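# Descriptive structure summary
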Amino acid sequence: MNAPADRSALVPDPMAFTVAALVESGALVEPAGDGALLLLPPSAAQHLSLPEDLVLSSDPDAKGAVPCGLGTPLLSRLVAEARAQVP
């Protein structure tokens, strides 16, 4: 079996995965530079222990933003919740 030439196509972008998961929970999203501005429904914000309005960033050092890169608590939680839905 031959491996695809571009292996990055097999691994979802952490920001895109995070945004998609939050949109699925009802979030409104506005792309903003390397990140995104989000407005979460109160129930989703409470479930994830996040504020209702937040800035996502792939930069773990971005001031005032919630990081969502590899190894971050938010991405890890969203991945665990997605995996729990797979039979």
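Shown above is the structure to which this text applies.
Thresholds, definitions, all that
- Residues numbered from 1 in each chain as written.
- Predicted model: local features only at pLDDT ≥ 70, side-chain atom pairs only at ≥ 80, totals over all residues.
- Heavy atoms only, no water.
- Pairing = 2+ DSSP bridges.
- Helix = DSSP H or I, 4+ residues; strand = E, 2+ residues; numbered from the N terminus.
- Salt bridge = Lys/Arg side-chain N within 4 Å of Asp/Glu carboxyl O.
- Buried < 20%, exposed > 50% of the residue type's maximum accessible area, 1.4 Å probe, protein only.
- Expected span 1.5 Å × (residues − 1).
- Arc of directions from axis to C-beta.
- Contact = heavy atoms within 4.5 Å.
- Axes fitted to C-alpha atoms, helices over the stretch in contact; angles between N-to-C directions.
- Parallel < 35°, antiparallel > 145°, perpendicular 65-115°, else oblique.
- Left-handed = near helix turned anticlockwise from the far one by under 90°.
- Nonpolar A, V, L, I, M, F, W, Y, C, P; charged D, E, K, R; others polar.

Now for the pairing of strand β3 (residues 53-57). Pairing of strand β2 (residues 35-39) with β3 involves five bridges; the strand directions are antiparallel. Residue leucine 39 lies in a different strand from β3, and its bridge partner there is aspartate 53. Here β3 pairs with strand β4 (residues 66-67) via two bridges, running parallel. Its bridge partner lying in β4, leucine 56 is registered against valine 66.

Before going further, it helps to spend a moment on the pattern of salt bridges. The final tally for this structure, using the stated rule, is one salt bridge. A salt bridge links glutamate 81 to arginine 77; the nearest nitrogen and oxygen atoms lie 3.2 Å apart. Residue glutamate 81 and its partner arginine 77 are located together in helix α3 (residues 73-84), separated by four residues, close to a single helical turn. For glutamate 81, a relative accessible area of 27% puts it in the partly exposed group.

Given a rise of 1.5 Å per residue, twelve residues ought to cover 16 Å, and the 16 Å separating the end C-alpha atoms of α3 matches this to within 8%. For α3, the complete set of buried residues consists of Leu74, Leu75 and Leu78. Here the buried residues of α3 occupy an arc of 95 degrees about the axis, which is enough to place them on one side. Seen from the open side of α3, the exposed residues pointing more than 90 degrees away from its buried face are Pro73, Arg83 and Ala84. Structurally, α3 contributes buried residues whose contacts are with α1 (14-24), α2 (42-48), β3 and β4.

This next bit is on α1. Each α-helix turn comprises 3.6 residues. Residues three or four places apart therefore point the same way. Taken as a whole, α1 has its buried residues at Pro14, Met15, Thr18, Val19 and Leu22. Projected down its long axis, α1 shows its buried positions confined to an angular sector of 125 degrees, all on one face. Summarising the contacts, the buried residues of α1 are in contact with β1 (28-32), β2, α2, β3 and α3.

This part is about the side chain of threonine 18. Relative to the assigned elements, threonine 18 resides in helix α1. Those residues within four positions of threonine 18 in sequence are excluded, and the remaining contacts are Leu56, Cys68, Leu74, Leu75 and Leu78.

Next up on the list: unusual backbone geometry. Comment: phi is negative for the bulk of residues other than glycine, and the bulk of peptide bonds are trans. In the Ramachandran plot, serine 49 falls in the positive-phi region, its phi being about 55 degrees despite a non-glycine side chain. Turning to its location among the elements, serine 49 is positioned in the loop between α2 and β3.

With that out of the way, let us pick up the packing of α1 against α3. At a minimum axis distance of 10 Å, the contact between α1 and α3 shows a crossing angle of 60 degrees. Viewed along their axes, α1 and α3 adopt a mutual orientation that is oblique. The two elements α1 and α3 cross, and the hand of that crossing is left-handed. Counted together, Pro14, Phe17, Thr18, Ala21 and Leu22 of α1 and Leu74, Leu75, Leu78, Val79 and Ala82 of α3 form the full contact between these two elements. In the contact of α1 with α3, the residues fall into nine nonpolar, one polar and no charged.

Structural measurements only, silent on function.
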